[in-house]
Amino acid sequence: MLDKFITPVIKPILTPIVIMLHKRGVTADQLTVVGFIIGMLALPLLANQLWFGALIAIALNRIFDGLDGALARHANQSSSAGGYLDITLDFLFYAAVPLGFILANPEQNAIAGALLLAAFIGTGSSFLAFAIAAEKFALDKPQFKYKSFYYLNGLTEGTETIALFVAFCIWPQQFVLLASIFAAACAITIFTRIYGGYQTLKRLEADSHSNSI
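These figures come from a predicted structure and were not determined experimentally.

About the criteria used
- Residues numbered from 1 in each chain as written.
- Predicted model: local features only at pLDDT ≥ 70, side-chain atom pairs only at ≥ 80, totals over all residues.
- Heavy atoms only, no water.
- Helix = DSSP H or I, 4+ residues; strand = E, 2+ residues; numbered from the N terminus.
- Contact = heavy atoms within 4.5 Å.
- Areas by Shrake-Rupley, 256 points an atom, 1.4 Å probe, with all protein chains shown as cover.
- Buried < 20%, exposed > 50% of the residue type's maximum accessible area, 1.4 Å probe, protein only.
- Expected span 1.5 Å × (residues − 1).
- Bend = angle between axes of the 7 residues up to and from the residue.
- Axes fitted to C-alpha atoms, helices over the stretch in contact; angles between N-to-C directions.
- Parallel < 35°, antiparallel > 145°, perpendicular 65-115°, else oblique.
- Left-handed = near helix turned anticlockwise from the far one by under 90°.
- Nonpolar A, V, L, I, M, F, W, Y, C, P; charged D, E, K, R; others polar.
- Salt bridge = Lys/Arg side-chain N within 4 Å of Asp/Glu carboxyl O.

## Considerations on the overall build of the protein chain
Phase 1: Helix and strand counts for the protein chain come out as eight helices and zero strands.
Phase 2: Reading the protein chain from its N terminus to its C terminus gives the helix and strand order α-α-α-α-α-α-α-α.
Phase 3: In the protein chain, once contacts between residues fewer than 6 apart in sequence are set aside, the share between residues at least 24 apart is 76%.
Phase 4: In the form shown here, the protein chain has an accessible surface area of approximately 11,600 Å², with 69% of it arising from carbon and sulfur atoms.

This is how it looks when you write it as structure tokens:
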């Protein structure tokens, strides 16, 4: 929900760094992989209840995630392969954070963490599945033209997810409450994406059929 507002604010901040990285011959895919490795350090840190260290790993991962796409666009190296690598590693990172809290305190966090992981599967699959169909119909990306594939909007997007992870690290004792609330918000996103995506594709298919007659 907030991604379309946050991105224009962050872009000017990243530009000088992107220019410097490009001059040094760094590639977007390299940033993606390094950022992923840093982000995955949050898993053992969370499992050992090292909240501040995990927060730093999460923050650095998100900085690298912003830089890789910006660098790809600056260097005219945007590609489907890079987009695929980026989103795949992002979802592995997203799953690692709830898992870290589950490992930190299984008795208290297991159920809420499992609900959140299930919700992440729903939000991720609902927009990735739509992206496949959107490619077929060559749908325009009015709000996310810089993305390598179509992003279906929702109540819970990347910005909200990272805000949640930060809150987890600041108030780890509130993990169950925060994870449960966010899982419920994800459920709304899943419903609206499935309903809206289905209706959109149904209309597009009907229009395509009528045009072919």
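We are not done yet, so read on.
## A word on unusual backbone geometry
Phase 1: Although it is not a glycine, Gln49 sits at a positive phi angle of roughly 60°.
Phase 2: Along the chain, Gln49 turns up in the loop between helix H3 (42–47) and helix H4 (51–74).
Phase 3: Owing to a relative accessible area of 42%, Gln49 belongs among the partly exposed residues under this scheme.
Phase 4: Of note, the phi angle at Asn76 is positive, near 55°, even though the residue is not glycine.
Phase 5: With respect to the helices, strands and loops of the structure, Asn76 is situated in the loop between H4 and helix H5 (80–104).

## Things to note about the side chain of Asn61
Phase 1: Relative to the elements of secondary structure, Asn61 occurs in helix H4.
Phase 2: Asn61 has contacts with Gly35, Phe36, Gly39 and Phe93, leaving out every residue within four places of it along the chain.

## Let's talk about helix H6 (residues 106–136)
Phase 1: Its 31 residues place the ends of H6 43 Å apart at the C-alpha level, agreeing with the 45 Å of an ideal helix rising 1.5 Å per residue.
Phase 2: At Ala112, H6 shows its largest kink, close to 25°.

## Describing the packing of H5 against H6
Phase 1: Direction vectors running N to C along H5 and H6 enclose 165°, while the axes themselves pass 7 Å from each other. The pairing of H5 with H6 is recorded here as roughly antiparallel in orientation. Classified by chirality, the crossing of H6 by H5 is right-handed. Here Ile87, Phe91, Tyr94, Ala95, Pro98, Phe101, Ile102, Leu103 and Ala104 of H5 lie close against H6, whose contacting residues are Pro106, Asn109, Ala110, Gly113, Ala114, Leu116, Leu117, Phe120, Gly124, Phe127 and Leu128.
Phase 2: Classifying every residue of the contact of H5 with H6 gives 17 nonpolar, three polar and no charged.

## With respect to the pattern of salt bridges
Phase 1: Per the stated rule, a full pass over the model turns up two salt bridges.
Phase 2: Of the charged contacts in the structure, one is a salt bridge between Asp65 and Arg62, with a shortest N-O distance of 3.1 Å. Highlighted residues: Asp65 and Arg62, both in helix H4, separated by three residues, approximately one helical turn. Here Asp65 and Arg62 have matching classes, each one buried.
Phase 3: Here Arg62 ties to Asp90 by a salt bridge, and the two come within 3.0 Å at their closest N and O atoms. Of this pair, Arg62 sits in helix H4 while Asp90 sits in helix H5, and the two are 28 residues apart along the sequence.

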